[in-house]
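One-letter residues, chain by chain:
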Amino acid sequence: MTDTDTDALPKLLQPLGRWSHTFAYHALDVALERAEGIYLFDDKGNRYIDGSGGPMAVGIGHSHPRILRAVSDQMARYAYVHPMLANPRRGELCDAIADVAPGDLNNVFLVSGGSEAVESAIKIVRQYHRATGHANKYKVISLAGSYHGMTLATMALAGSALYQSEFEPMMSEWPHIAQYSDFLKPAGMSRDDWGVHCAQRLETAIEQAGADTVAAFIATPHGCSVEYAVVPPVTYWKEIRRICDRHHVLFIADEVVTGFGRTGKWFGMQHFDVQADLMTVAKGMASCTQPLGAVVVSDRVNQPFLQGTGFMHGFTYQGHAAACAAGIASIEVYRDEGVIAGVPERSKLLFACKDRLLAHPGVADVRGWGMFMSVELVSDKTTRSGFAPDRQAELLFLTLALRNGLALYSMLFNVPTSSTIPARGSLMRMSPPLTITPEQVVDMTERFETTLSQWEARMGITSHAPLATTTV
Ligand SMILES: Cc1ncc(COP(=O)(O)O)c(C=O)c1O
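Please read these numbers as outputs of a predicted model, since none were measured by experiment.

## Some words on the overall build of the chain
- When helices and strands are tallied, the chain shows 15 helices and 14 strands.
- The proportion of buried residues among the 472 residues of the chain is 56%.
- Taking the contacts inside the chain whose residues are at least 6 apart along the sequence as the reference set, 72% of them involve residues at least 24 apart.
- Put simply, the chain shows about 19400 Å² of open surface, and 54% of that area lies on carbon and sulfur atoms.

## Comments concerning the site of the ligand
- Lining the immediate environment of the ligand, one finds Gly113, Gly114, Ser115, Tyr147, His148, Gly149, Thr220, Asp254, Val256, Val257 and Lys283.
- Gly114 places a main-chain nitrogen or oxygen 2.8 Å from an oxygen atom of the ligand.
- Within the side chain of Ser115, one N or O atom sits 2.5 Å away from an oxygen atom of the ligand.
- Burial of the ligand by the protein chains amounts to 78% of its free accessible area of 390 Å².
- Partitioned by chemical class, the residues of the shell around the ligand number three nonpolar, six polar and two charged.

## Considerations on the confidence of the model for the chain
- Averaged over every residue, the pLDDT of the chain is 90; residues scoring 70 or more account for 89%.
- Across residues 1-6 the pLDDT falls below 50, and counting only partners more than four positions away or on other chains, this stretch makes seven contacts in the model.
- A low-confidence stretch, residues 465-472 (pLDDT under 50), is modelled with 22 contacts involving residues beyond four sequence positions or located in other chains.

## A few points about the pairing of strand β8 (residues 250-254)
- Taken across its five residues, β8 has five buried, putting it largely inside the fold.
- Of the two faces of β8, the one carrying Leu250, Ile252 and Asp254 and the one carrying Phe251 and Ala253 are both buried.
- Across four bridges, the pairing between strand β7 (residues 214-219) and β8 is parallel. In the strand pairing of β8, Ala219 is matched with Ala253.
- Sheet topology note: the β8/strand β9 (residues 278-281) ladder contains three bridges and is parallel. Bridge pairing in β9 places Ile252 opposite Leu278.

## Quick notes on the packing of aromatic side chains
- One pass over the structure, following the stated rule, counts 19 aromatic pairs.
- Their ring planes at 75 degrees and their centres at 6.1 Å tell us that Trp266 and Tyr334 sit as a pair that is edge-to-face. Of this pair, Trp266 sits in the loop between β8 and β9 while Tyr334 is found in helix α11 (residues 321-336), placing the two residues 68 residues apart along the sequence. Summarising the burial analysis for this pair, Trp266 and Tyr334 share the class buried.
- Between Phe397 and Phe448, the aromatic rings sit 5.3 Å apart at their centres with planes inclined by 50 degrees, giving tilted as the arrangement. With Phe397 in helix α14 (residues 393-403) and Phe448 in helix α15 (residues 438-459), the pair connects residues that are 51 residues apart, well separated along the chain. Phe448 matches Phe397 in its accessibility class, with the two residues each being buried.
- For the cation-ring pair, Arg34 lies above Phe41, with the distance from its terminal atom to the ring centre recorded as 4.0 Å.
- We note Arg424 situated over the ring of Phe183; from NZ or CZ to the ring centre the distance is 4.4 Å.

Calculation criteria
- Residues numbered from 1 in each chain as written.
- Predicted model: local features only at pLDDT ≥ 70, side-chain atom pairs only at ≥ 80, totals over all residues.
- Heavy atoms only, no water.
- Helix = DSSP H or I, 4+ residues; strand = E, 2+ residues; numbered from the N terminus.
- Buried < 20%, exposed > 50% of the residue type's maximum accessible area, 1.4 Å probe, protein only.
- Contact = heavy atoms within 4.5 Å.
- Areas by Shrake-Rupley, 256 points an atom, 1.4 Å probe, with all protein chains shown as cover.
- Near = heavy atom within 4 Å.
- Polar contact = N/O pair within 3.5 Å; in protein donor to acceptor, adjacent residues only side chain to side chain.
- Nonpolar A, V, L, I, M, F, W, Y, C, P; charged D, E, K, R; others polar.
- pLDDT = per-residue confidence, 0-100.
- Pairing = 2+ DSSP bridges.
- Phe/Tyr/Trp six-rings, centres within 6.5 Å; stacked < 30°, edge-to-face > 60°.
- Lys NZ or Arg CZ within 6 Å of the ring centre and 35° of its normal.

In structure tokens form, the structure reads like this:
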């Protein structure tokens, strides 16, 4: 990288072609030629580590031969058939998911992605309560600042101006509760007790809304927005489960990011030995090789649908044969090639850089689990304050990382057009494909640290404050 290049950063890049872009800027608009394993290659021969696995989604290295073969074999026979006709791939995939899903989560409704999965889960819980004589139970409580997708109903769950302000009034004004936060834990209180306290906000919200009107509670196994990847203590989830049972409220675990091995187990909630009534999955399910998602439903919740209540549903692409072939092959790779079994060891290597990162003046926290690390970048680690959008902190970090051969994903909150200023720091995530080798983990974290030092120099963050307490 030349000095001139550095001075010119960050650049606002135009998307290639007439693609209508979604977020304000595309720092990563390099023209990709191909991808293999953990690497992306552009049309100029540059190589980048896919450091966030796309948007925390690619679980198996790109172009895995077993998945390529499965999809192309299926395409050669038929890619898609009329949904009323028998489609063996569809059934095989549902069986494979039921085999790896915990407890009695045995019933699989296939869709094409995470938003569709959450939207479908909302429909299932509402229809379930109607069918079991509780037609008035329709509200879905969620965490403030959460993210469950981009359809109108899933955005209503977000409880965040970022996703909602352009669309208000939302379709449903459902209650939101504050999420678990280590940062806000009162001094002197144990994590376990704080976990119970935070969970009890759900009970208060249910009582305020009227238990006879609440259908479900939805949450991701780890924190969202400024608390992204904070892992609550077991006490939190046990208490959530107890409250849901007490008030006849179904618990939907949104495992779109945490599912399929990302955290070191097949599904994130397995770490807490707490089973949800419904689980939404996508992303890692077919490792993004095909658009694929699902709602996985417990036997109890599925009961009314077996007894004659038809689920009012049906997307053209649900059960798409080529997508199902990709899902089946992915599950085989995760299981038979020891990918998920290998995550705990890889995770130790990933988190080996934690203390070095924490020693940086621009890093307030390093947290996460499995092959998922969130690094909270701040302008001042004692106050934990973030950056005004016009400083383009995230865009600069992403651009420098690219120059260092590392492609990262971020929400690009810190850009001039951002409508919301984050309450705290900005998050950079390392969540590479789970098939990454030990040497590649070291290479990736070194590139991240180099980027961090360059970024701090450009942002003028130099004072060394004491180490922040950590939450992992
Ligand atoms: C927790 C969670 N749920 C749902 C979604 C929506 O998934 P999709 O983008 O596939 O619609 C996402 C996407 O990032 C997510 O992180």
